[in-house]
Amino acid sequence: MNRHVLVLVMGAIMAASCAGSGTELSESGNGLPQVTVEFPASAEAGSVQPAVFEVNNPGPGDIGTLIVAFTRAGDPDLPTPIVDVTGGKAPGAVRSVDPDPTGVSDGVVYRFSRTSPQEPFLADGDSVTLTFDLVVPERPGAAANAVQVYDGSEIDRAAGVRLETEVEG
């Protein structure tokens, strides 16, 4: 066999063995959720826009309670948050959520679970669509949040996505 061909074959075998299954695992061996978000690239200031999150549980392991947490995206000076902590009776940016969360904390942390503790919110191999209707900030320019999605009983079983838009004034 030609020496160059042998080197190419050995390289391909080593690359395939390092590639793995594509599923990332938590320290306990459970699969990390996979999350994507659809949100307009630009939006009119003060308008209400749907943020559609698709969350997939590749397994192994069920997710009994799913948490969605909005945080500021990076440096406090950049950019304006779309969803921020609500104070007092202020409604905040989140106007509605589908399906209804089973709990909300400070307008930025949303808990989703089933009424029966024996039934997981997101079984191994299942996915769910979560829609948050959000009020776009009034300040023109970049607006964004970092969004973490994780298993409520295993917080290192998490994935993140950036929610962002350009606010038109």
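Here, every reference points to the structure presented above.
Reading the values: the criteria
- Residues numbered from 1 in each chain as written.
- Predicted model: local features only at pLDDT ≥ 70, side-chain atom pairs only at ≥ 80, totals over all residues.
- Heavy atoms only, no water.
- Helix = DSSP H or I, 4+ residues; strand = E, 2+ residues; numbered from the N terminus.
- Buried < 20%, exposed > 50% of the residue type's maximum accessible area, 1.4 Å probe, protein only.
- Core = buried A, V, L, I, M, F, W, Y, C linked by side-chain atoms within 4.5 Å.
- Contact = heavy atoms within 4.5 Å.
- Pairing = 2+ DSSP bridges.
- Axes fitted to C-alpha atoms, helices over the stretch in contact; angles between N-to-C directions.

Enquirer: Sorry if this is basic, but what is going on with the overall build of the chain here?
Expert: Looking only at helices and strands, the chain features 1 helix and 10 strands. Each helix and strand of the chain, ordered N terminal to C terminal, gives the series α-β-β-β-β-β-β-β-β-β-β. For the chain, the residues scored as buried account for 36% of the 169 residues in total.

Enquirer: Could you clarify how one ought to interpret the nonpolar core in this entry?
Expert: As a rule of thumb, soluble globular proteins bury nonpolar side chains together. By size, the foremost hydrophobic cluster in this structure holds 33 residues, and its most contacted members are Phe53, Leu66, Phe70, Phe112, Leu130, Phe132 and Leu134. Where this core is concerned, the elements lending two or more residues are β3 (48-56), β4 (65-72), β5 (94-98), β7 (109-113), β8 (127-135), β9 (141-151) and β10 (154-168). In this structure, phenylalanine 53 is in contact with Val35, Thr36, Val37, Phe70, Val128, Thr129, Leu130, Phe132, Val147 and Val161, ignoring residues within four places of it in sequence.

Enquirer: I'm lost on the sheet that holds strand β6 (residues 103-105) in this one. Help?
Expert: Pairing between sheet strands relies on hydrogen bonds along the backbone, with the strands arranged either parallel or antiparallel. Taken together, the 6 strands give an open sheet; going across it, the order is β2-β10-β9-β4-β7-β6, and neighbouring strands pair in mixed fashion. Of all strands in the sheet, those bounded by a partner on one side alone are β2 (42-44) and β6. With direction set aside, neighbouring strand axes in the sheet form an average angle of 25°. The sheet contact formed by β6 and β7 spans 3 bridges and is antiparallel. For glycine 103, the partnering residue across the bridge sits in β7 and is arginine 111.

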